[in-house]
Structure formats: C-alpha cells, structure tokens
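Close look at the chain arrangement
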Amino acid sequence: MKRLLIAAALSLASLSAQAADIAISAEETYARIRNAEPDVLFVDVRDPVEIMFVGFTDAVHVNIPFILVDRSQWNAERGVFRLYQNPDFAAQIKAELDKRGMGTDAEIITMCRSGSERGEPSASFLRANGFPNARYVVNGFQGAAIKDGPQAGFRLMNGWQNSGLPWSPKMNADKVYRIDQR
C-alpha cells in the first residue's frame, strides 16, 4: 500500500511538473506569438468596452471576456454596474482551440488590464476546468500603477503597453468579442 501511495504521489508530481508555469511576461508572450509557435492561443479576457477605451494588441488571437459587465443592473452600494463571470468562457475557449486544431493541452495565455483582476483568475479557472497549460500575462496590458510622485495612480510601469510591444487604440472587429455576430 505504501508503494502504491508513493507511486501515485510521484505520478501527480510529474503531471504538475509538465504543466507550464502559470505566469508569463508580456515580452515572452510576444516572442511566442511572433515566432508562430504551434499550440499557443493568446486571449484578451477584458470586456470589449474596456478595450475600446484602453487599447488593443492585434497580437492576440481572440478576445473572450472572463468577466462581463451587465449595464442593465446598477450596484448602488458599490457605485458600479454588476459584474459577472462569462458562463460560456470555458466553452468559448474550447471552441477557439477546436477552430485552430488544438487540444485542451495547448498553451492558453490570457491577458487582462493588470494581470491580477482577470488574467490570473481566468488562467486558474481554465486550469481547474481541464486546460492544464493555461497561463496569464504578468502585469497585463496596461501594467502596474505608479505608487508615488506626480504620476501616482497612472499605469506607466511594465505590462504590454509599457514594454514597447505593438498595440493600438483601435480594436480589431474580427478579433473582439461581439454579441452582434453571435
């Protein structure tokens, strides 16, 4: 019995060792996309309205929001519209993988604005739901906010935008999540 438990523990350890580290830099992500590495799906997980005001990189393969904004429900206590997890997120990711001839073991790299609000949670969600190599871009699209000085609060450190990687204030209608074409 003891040998069986040890063998099971070693098997689990080897499986987790095969999964990619969950965090990846913007620069490493861009290099993988630029080199057209097979079995990599790069997904912007922001709500498209945020993309419209913040910017977009055409390096992503597709925009599939992890968290959506329900503009029909106002949360007066918090002073915001209701946010909810996209109930079809995993299925939409799977459909994008299928469309590209990739399996669930493909490397899926998610990116949000900062990396922590939706990027890491979406990658963790995907890993927990059968996508073992899901990852997220550390510091996301806009990067971290400066803590002190006259530019405190501005997102001018690291992230995709601040790393000199290609981006635009314009959205790509063929890649952005659109409910008018569903």
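Criteria and cut-off values
Residues numbered from 1 in each chain as written. Predicted model: local features only at pLDDT ≥ 70, side-chain atom pairs only at ≥ 80, totals over all residues. Heavy atoms only, no water. Buried < 20%, exposed > 50% of the residue type's maximum accessible area, 1.4 Å probe, protein only. Helix = DSSP H or I, 4+ residues; strand = E, 2+ residues; numbered from the N terminus. Arc of directions from axis to C-beta. Contact = heavy atoms within 4.5 Å. Phe/Tyr/Trp six-rings, centres within 6.5 Å; stacked < 30°, edge-to-face > 60°. Pairing = 2+ DSSP bridges. Axes fitted to C-alpha atoms, helices over the stretch in contact; angles between N-to-C directions. Core = buried A, V, L, I, M, F, W, Y, C linked by side-chain atoms within 4.5 Å. pLDDT = per-residue confidence, 0-100. Patch = residues over 30% accessible without salt bridge, like charges linked within 9 Å, V, L, I, M, F, W, Y side chains within 5 Å. Areas by Shrake-Rupley, 256 points an atom, 1.4 Å probe, with all protein chains shown as cover. Salt bridge = Lys/Arg side-chain N within 4 Å of Asp/Glu carboxyl O.

Every buried residue of helix α4 (residues 89–99) is accounted for by F89, A90, Q92, I93, E96 and L97. Seen along its axis, α4 keeps its buried residues to an arc of 165°; they face one direction. Among the exposed residues of α4, those pointing more than 90 degrees away from its buried face are A91 and K99. Looking at the buried side of α4, the elements it contacts are β2 (40–44), β3 (62–63), β6 (107–111) and α5 (119–128). After α4 finishes, the residue G101 shows a positive phi value of roughly 70°.

Considering all chains together, one arrives at 7 aromatic pairs under this definition. Seen in terms of ring centroids, F66 and F125 are 5.7 Å apart; in terms of plane orientation they differ by 55°. Their pairing is tilted. Remark: F125 occurs in helix α5 and F66 occurs in the loop between β3 and β4 (67–75); sequence separation between them is 59 residues. Judged by relative accessible area, which is 5%, F66 ranks as buried. Measuring from ring centre to ring centre gives 6.2 Å for F89 and F125, while their planes differ by 55°; the resulting arrangement is tilted. Here F89, found in helix α4, pairs with F125, found in helix α5; they are 36 residues apart in sequence, far enough to count as distant. Classification of F89 by relative accessible area gives buried; the value is 0%.

Attention shifts here to the sheet that holds strand β1 (residues 23–24). The sheet built from 5 strands is open, its strands ordered β1-β7-β6-β2-β3 with parallel pairing. Edge positions in the sheet fall to β1 and β3, since each of these pairs with one other strand and no more. Note: β6 against strand β7 (residues 134–137), 3 bridges, orientation parallel. Looking at β7, one finds that I108 is bridged to A134. The sheet contacts of α4 involve β2, β3 and β6, and relative to β2 the element is tilted by about 140°.

Moving on to the nonpolar core. V43, F89, I93, L97, I108, L126 and F131 are the most contacted members of the largest nonpolar core, which totals 19 residues. When contributions to this core are tallied by element, the ones reaching two or more residues are β2, α4, α5 and β7. With 4 residues, the top contributor of residues to this core is α4. When near neighbours in sequence (up to four residues on either side) are disregarded, L126 contacts F89, A90, I93, I108, T110, F131 and A134. The next biggest cluster of nonpolar side chains, apart from the first, holds 17 residues, and it includes F56, V60, F141 and L165.

A separate point is the confidence of the model for the protein. Atomic detail in the predicted coordinates should be set aside for any region of low pLDDT. Chain-level pLDDT for the protein is 88 on average; 88% of the residues reach the 70-or-more range. Considering only residues more than four positions removed or in separate chains, one finds that residues 1–18, a stretch of pLDDT under 50, has 1 contact.

Take a nonpolar patch on the surface next. Taken together, the side chains of V49, M52, F53 and M171 make up a nonpolar region of the molecular surface, amounting to roughly 390 Å² of accessible area. By relative accessible area, V49 is classed as partly exposed at 33%.

Moving on, we get to the environment of A23. Tracing the sequence through the fold places A23 in strand β1. For the pair A23 and N139, spaced 116 residues apart in sequence, the C-alpha separation works out to 9.7 Å. Ignoring sequence-local partners within four residues, the contact set of A23 consists of R135, Y136 and V138.

A word on the pairing of strand β5 (residues 80–85). Side chains on a regular strand alternate between the two faces of the sheet. With 6 bridges connecting them, β4 and β5 associate as antiparallel partners. By the bridge assignment for β5, W74 is matched with F81. Counting the residues in the hairpin turn of β4 and β5 gives 4 residues, including G79, whose phi is positive at 70°.

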